[in-house]
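Residue-level structural notes
Here is how the chains run, residue by residue.
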Amino acid sequence: MSIKIYNTLTKKKEALETLQPGKVSMYVCGPTVYAEAHVGHAMSALVFDIVRRYLEYRDYEVRHVTNYTDVDDKIIQRAAVEGVDPIQIAQRYIDEFDRHLKDLNILTASEYPRATEEINSIVEAVADLVEKGYAYPLNGDVYYRVNKFPGYGKLSGRKIEDMEAGFRIEVDERKEHPLDFALWKSAKPNEPSWPSPWGNGRPGWHIECSVMCQSHLGDQIDIHGGGNDLIFPHHENEIAQSEALHGKKFATYWMHNGMMQLSGAKMSKSVGNLVTVDNFLEKYEPGVLRMMILNSSYRSPLTFNEETIGHAEKALKRLRSALRPALPKDGWEKGDLQKKTDQVIKLFLKSMDDDFNSAGAMGHLFDFVKEINLARDKGADPEYLLAAQDVLKELTGVLGLELELPEAQAGDAGQYIDLLIEIREKLRENELWELSDIIRDKLEERDVILEDTSQGTTWRWK
RNA sequence: GGCGACGUAGCCAAGUGGUAAGGCAGAGGUCUGCAAAACCUUUAUCAUGGGUUCGAAUCCCAUCGUCGCCUCCA
């Protein structure tokens, strides 16, 4: 059985065949760091975290590189407004983004290159493109000659002629072709700039990624990822640059995540319909955002609203219901949970192998939750139950979900809660309901939920 | 206007030729002192109209609608 990946380049699901057996090189476009990150940015990071975790679970050695674009018009603008150095702006939001990645339980990438640290390689690449005839200098700028690259448009499915027809923005008359894009931009006063053969300037956005990808992963990579808003022009241009430079196919698989939707449109800074990662995490635990993504297809748009968030919270709770300890009783039972356990692993793999179909995989996990709960209700042996629960934790862990709450892992409150339960038992035996309800209510205020069953009382964290 | 994706129950959503997973919400029930949780039962013919096929949510065509890209963008 092999993993299938939907490839934007071919518009088909294809079996994963890596350049080197057992190894995957993956480059994912990171954010431009000029403002607070919103949950849409987080979505992209989460999607590719899930991809990476799953590939690793399937025994691939994954080299995962994500860049930070730390020099660009908006960063410069922001710096001007605040009256600080653009580098400071970039650093501030990079630090913040790093923190979000940790908070969201996203595995650390192999490397996080930054454009400003790769200027030399970028200048070399641009010079190389000029030399090869794929680019031309123009008054201190350098432009990519789109017509020179025969495959231009192959990723986005566009034809150069079609795009000319519908061209809406004002065209820079100096350029040879309206679609020619900047590889190098000449410096304006008070802008960060670096020396180059064409004068002081800074790199264009697209060439950064081509160069960083090349310098950290090589001329050819297995997977290139990013949001589907980057397909054109960013990724199209990356292909044009990289393939012109190296004369080989750039990335084998192009993966794109769908856009986070808020109020019926793509969440974005420019529209202003956004929820920042910090805003989100003030109100919800990190697993909720991950669950929203897991419960749908990574390629589809994801609606962000109170209702869909609520669904994800409930879903998380439901998974956790299967982790409750065995009922306190004598005379344990066995069942066919072992068989179900083997089954769920197979079904989980089958779904995830199919282009990371996490929603399908979640369906199987929920089925498994029901089986575990059923076994528990029937009075399953604690060890027996634990074995199944471990599998559930393992599989959800592959998706990056942490079912066990930190308090539950750390606290030594358990012995005191047990003590309260014991006292409450006495009260209940004497039908002192009011007093026993006070204990239950007060514990719930402290996030401890008591559950009375015919076999006795158990507790769990809320 | 061009390119692409999508349209499955009240909501979210899986399923790409063989007769509709799962979650939330709703209804009824079991358990409970009450509750919560869990468990059991129950809720759709797959945007619309044609076509291909023994058979289609699944393939083809058309229509309507939503979203993305064509300008910075995860």
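Overview of the structure. (Residues numbered from 1 in each chain as written. Chains lettered and ligands numbered in written order. Predicted model: local features only at pLDDT ≥ 70, side-chain atom pairs only at ≥ 80, totals over all residues. Heavy atoms only, no water.)

1. Comments concerning helix α7 (residues 231–246)
Look at α7: 21 Å from first C-alpha to last across 16 residues, which is about the 22 Å you get at 1.5 Å a residue. Most of α7 is tucked away, with 13 of its 16 residues classed as buried. With its phi angle positive at about 65°, Gly 247 sits one or two positions after the end of α7. (Helix = DSSP H or I, 4+ residues; strand = E, 2+ residues; numbered from the N terminus. Expected span 1.5 Å × (residues − 1). Buried < 20%, exposed > 50% of the residue type's maximum accessible area, 1.4 Å probe, protein only.)

2. Quick word on the environment of Leu 347
Note on placement: Leu 347 falls in helix α11 (residues 337–353). Judged by relative accessible area, Leu 347 falls into the partly exposed class, the value being 34%. The spatial distance from the C-alpha of Leu 347 to the C-alpha of Ala 326 is 26 Å, given a sequence separation of 21 residues.

3. Comments concerning the environment of His 41
Structurally, His 41 is set in helix α1 (residues 39–57). Along the backbone, His 41 and Gly 258 are 217 residues apart, and their C-alpha atoms lie at a distance of 11 Å. In this structure, His 41 is in contact with Pro 31 and Phe 97, ignoring residues within four places of it in sequence. (Contact = heavy atoms within 4.5 Å.)

4. Quick notes on the nonpolar core
Among the nonpolar cores identified, the biggest contains 86 residues, and Phe 280, Leu 289, Phe 304 and Phe 356 are the most heavily contacted of them. Per element, the largest residue contribution to this core is eleven residues, and it comes from α1. Shared between two domains, this core takes at least three residues from each, and those domains are domain 1 (4–283) and domain 2 (318–404). The next biggest cluster of nonpolar side chains, apart from the first, holds 44 residues, and it includes Cys 29, Leu 155, Leu 179 and Trp 184. (Core = buried A, V, L, I, M, F, W, Y, C linked by side-chain atoms within 4.5 Å. Domains from an automatic or database assignment.)

5. Some remarks on the environment of Leu 395
As for its placement among the helices and strands, Leu 395 is situated in helix α13 (residues 382–398). For Leu 395, a relative accessible area of 1% gives the class buried. Between the alpha carbons of Leu 395 and Ala 361 there is a distance of 9.4 Å; along the sequence they are 34 residues apart. Residue contacts for Leu 395: discarding those within four places in its chain leaves Tyr 57, Val 344, Ile 345, Phe 348 and Leu 365.

6. A short note on unusual backbone geometry
The amide bond that connects Phe 232 to the next residue, Pro 233, takes the cis arrangement and shows omega of 0°. Counting through the fold element by element, Pro 233 comes out in helix α7. Even without a glycine there, the phi angle at Asn 139 is positive, about 50°. Structurally, the position occupied by Asn 139 is in the loop between β5 (135–138) and β6 (141–144). The residue Asp 447 is not glycine, and still its phi comes out positive at about 70°. Note on placement: Asp 447 falls in the loop between α16 (433–445) and β14 (448–453).

7. Quick word on empty space enclosed by the protein
Summary: where empty space remains is shown by rolling a probe the size of a single water molecule over the atoms. With the rule as written, the count across this model stands at two cavities of 30 Å³ or more. If you add up the space inside the largest cavity, you get close to 70 Å³. What lines the largest cavity is simply Val 47, Ile 50, Val 51, Ile 293, Leu 294, Ser 296, Tyr 298, Phe 356 and Ser 358. Elements represented by at least two residues in the lining of the largest cavity include exactly α1 and α9 (286–294). At three residues, α1 tops the list of elements feeding residues into the lining of the largest cavity. Partitioning the lining of the largest cavity into residue classes produces seven nonpolar, two polar and no charged. Ala 37, Ala 42, Ala 45, Phe 97, His 100, Leu 101, Leu 104, Ile 106 and Val 277 are the residues that line the second largest cavity. (1 Å grid on protein atoms, 1.4 Å probe; cavity = no way out; pocket = protein on both sides within 12 Å on 5 of 7 lines; lining within 4 Å. Points joined across faces, edges and corners; volume = space filled by probe spheres on them. Nonpolar A, V, L, I, M, F, W, Y, C, P; charged D, E, K, R; others polar.)

8. Structural notes on the sheet that holds strand β3 (residues 23–28)
Taken in spatial order, the four strands make up an open sheet running β4-β3-β9-β10, and their pairing is parallel. Strand pairing shows two members of the sheet lacking a second neighbour, β4 (61–66) and β10 (251–257), which therefore form its edges. On average, each strand axis in the sheet is inclined to that of its neighbour by 20°, with strand direction left out of account. The pairing of β3 with β4 spans six bridges and is parallel. (Pairing = 2+ DSSP bridges. Axes fitted to C-alpha atoms, helices over the stretch in contact; angles between N-to-C directions.)

9. Description of the protein's contact with RNA strand B
In the vicinity of RNA strand B there are 62 residues, among which Lys 74, Trp 205, Gly 227, Leu 230 and Lys 266 approach most closely. Looking at RNA strand B alone, sugar and phosphate atoms form 66% of those within 4 Å of the protein. In this structure, Lys 74 approaches RNA strand B through a side-chain N or O atom, which is 2.4 Å from a base oxygen. One of the backbone N or O atoms of Gly 227 is found 2.4 Å from a sugar or linking oxygen in RNA strand B. Looking at which element gives the most residues to the surface near RNA strand B, the answer is helix α12 (residues 358–377), with nine residues. (Near = heavy atom within 4 Å. Polar contact = N/O pair within 3.5 Å; in protein donor to acceptor, adjacent residues only side chain to side chain.)

10. Things to note about the pairing of β5
The sheet contact formed by β5 and β6 spans four bridges and is antiparallel. When the sheet's bridge partners are listed, Pro 137 is paired in β6 with Val 142. Here β5 folds back onto β6 in antiparallel fashion, the turn holding two residues, of which Asn 139 has a positive phi close to 50°.

11. Regarding the side chain of His 64
Looking at where His 64 falls in the secondary structure, it is placed in strand β4. A polar contact of 3.0 Å, which involves the side chain of His 64, links it to the side chain of Thr 66. Excluding anything up to four places from it in sequence, His 64 contacts Met 26, Val 28, Arg 52, Ala 109, Ser 110 and Glu 111.

12. Remarks on the sheet that holds β6
Sheet architecture is open: four strands sit in the order β5-β6-β7-β8, paired in antiparallel fashion. Strands at the two margins of the open sheet, each flanked by one partner only, are β5 and β8 (201–203). Shown here is a sheet whose adjacent strand axes are inclined to one another by a mean of 20°, direction ignored. Across the face of the sheet, helix α4 (residues 119–131) comes into contact with β5, β6, β7 (182–186) and β8 while running at roughly 115° to β7.

13. A short note on the packing of aromatic side chains
Taken as a whole, this structure holds twelve aromatic pairs when the rule is applied. Here the aromatic rings of Tyr 54 and Tyr 57 are separated by 6.3 Å at their centres, their planes lie at 40°, and the arrangement is tilted. Separated by three residues within a single helix, Tyr 54 and Tyr 57 lie in helix α1, roughly one turn from each other. Aromatic ring contacts, followed pair by pair, group Tyr 54, Tyr 57, Phe 348 and Phe 356 into a single cluster. The ring of Tyr 6 is capped by Arg 299, whose NZ or CZ atom sits 3.9 Å from the centre of that ring. (Phe/Tyr/Trp six-rings, centres within 6.5 Å; stacked < 30°, edge-to-face > 60°. Lys NZ or Arg CZ within 6 Å of the ring centre and 35° of its normal.)

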